[in-house]
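# Remarks on the overall topology
The primary structure of each chain is shown beneath.
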Amino acid sequence: MNVAVTGAGGSLGRALSAHAGLHDELIAFPIRAEMDLAGPTAPLRAWLERHRPDAIVHLAGWRTGPDRNAAFRDNVAATYNLLEAVASTGLTVRVVVASSAAVYGNSDGSALTIATERRPVNLYGASKALQEDVCALARASSGADISIARIFNVVGAPGDTWSVLPNLIACI
């Protein structure tokens, strides 16, 4: 199975390639400077047709930073473009999209399930909720095989400095 990964250079993408046992079958999407997922879709379609992945793990996105417009550009528009490009190629591709527990907002301590109402309280959570909505629309309109993984606290891969665990260790 050929698995294409967006955001392969990020912490989750690096961890996936190191631990998933997919080394020979893992295909990294080009970096943003070479092909912007939120940009024109023709290069994206051409890339998909050339590599013909069986599955895509969509890890690329915005976490934080000064450019607040990037939250919607990188989390919503990029996901929309990716799903539209997949649909336009006619390829049968399973897509797994990384979302976040931030879509739930502040918890009252109750157990969270997929049925728990989304109530994001920050820009990141709102952009991830919209990303999920884009996935639901694509699934409903085309029957696409799209799964959403709501990731909670990412401990991080070796070498990460932004994750919880390395920052906690640095405080000790």
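Just above, that's the structure.
Here the structure is a predicted model, which is why all the values come from computation and not from measurement. (Residues numbered from 1 in each chain as written. Predicted model: local features only at pLDDT ≥ 70, side-chain atom pairs only at ≥ 80, totals over all residues. Heavy atoms only, no water.)

## Details of the packing of helix H3 (residues 69-89) against helix H4 (residues 123-142)
For any two helices packed against each other, one specifies the inter-axial angle together with the distance between the axes. In the contact formed by H3 and H4, the axes pass within 8 Å of each other and the chain directions differ by 10°. In terms of orientation, H3 and H4 fall into the roughly parallel class. Facing Ala71, Phe72, Asn75, Val76, Thr79, Tyr80 and Leu83 of H3, the residues of H4 in contact are Leu123, Tyr124, Ser127, Lys128, Leu130, Gln131, Val134, Cys135 and Ala138. Its residues assigned to classes, the contact of H3 with H4 comprises 11 nonpolar, 4 polar and 1 charged. (Axes fitted to C-alpha atoms, helices over the stretch in contact; angles between N-to-C directions. Helix = DSSP H or I, 4+ residues; strand = E, 2+ residues; numbered from the N terminus. Parallel < 35°, antiparallel > 145°, perpendicular 65-115°, else oblique. Contact = heavy atoms within 4.5 Å. Nonpolar A, V, L, I, M, F, W, Y, C, P; charged D, E, K, R; others polar.)

## What to know about H3
The terminal C-alpha atoms of H3, which comprises 21 residues, lie 29 Å apart, in line with the 30 Å expected from a rise of 1.5 Å per residue. Maximum bend of H3: about 25°, positioned at Ala77. The positive-phi residue at the C-terminal boundary of H3 is Gly90, with phi of around 80°. (Expected span 1.5 Å × (residues − 1). Bend = angle between axes of the 7 residues up to and from the residue.)

## Considering the nonpolar core
One finds Phe29, Leu44, Leu48 and Ile56 to be the most contacted residues of the largest nonpolar core, which totals 24 residues. Contributions of two or more residues to this core are made by helix H2 (42-51), H3, strand E4 (94-100) and H4. At 6 residues, H3 tops the list of elements feeding residues into this core. The residues contacting Leu44, other than those within four sequence positions of it, are Phe29, Met35, Leu37, Asn81, Leu82 and Ala85. (Core = buried A, V, L, I, M, F, W, Y, C linked by side-chain atoms within 4.5 Å. Buried < 20%, exposed > 50% of the residue type's maximum accessible area, 1.4 Å probe, protein only.)

## What about the side chain of Asn81?
With respect to the helices and strands, Asn81 occurs in helix H3. Every residue in contact with Asn81, bar those within four places of it in the chain, is listed here: Leu37, Ala38, Gly39, Thr41 and Leu44.

## Let's talk about the packing of H2 against H3
For the pair H2 and H3, interaxial distance at closest approach is 9 Å and the crossing angle is 55°. Taken together, the axis directions place H2 and H3 in an arrangement best described as oblique. Relative to H3, H2 is oriented so that their crossing is right-handed. Each of Leu44, Arg45, Leu48 and Glu49 in H2 lies in contact with H3, whose residues at this interface are Asn81, Leu82, Ala85, Val86, Ser88 and Thr89. (Left-handed = near helix turned anticlockwise from the far one by under 90°.)

## Concerning the sheet that holds strand E5 (residues 146-151)
Here 5 strands make up an open sheet; going across it, the order is E2-E1-E3-E4-E5 and the pairing parallel. Two strands bound the open sheet, and with one partner strand each, they are strand E2 (26-28) and E5. Taking each pair of neighbouring strands and ignoring which way they run, the sheet shows an average axis angle of 20°. Both strand E3 (residues 55-58) and E4 contribute to a ladder of 4 bridges, which runs parallel. When the bridges of E4 are listed, Ile56 appears paired with Val95. Its contacts with the sheet put H4 on E3, E4 and E5, and the angle it makes with E4 is roughly 155°. (Pairing = 2+ DSSP bridges.)

## Quick look at the pairing of E5
Both E4 and E5 contribute to a ladder of 6 bridges, which runs parallel. Paired with Val96 across the two strands is Ser147, which belongs to E5. Following the chain from E4 across H4 to the adjacent parallel E5, one finds a crossover that is right-handed. (Right-handed = clockwise from strand over helix to strand, strands pointing away.)

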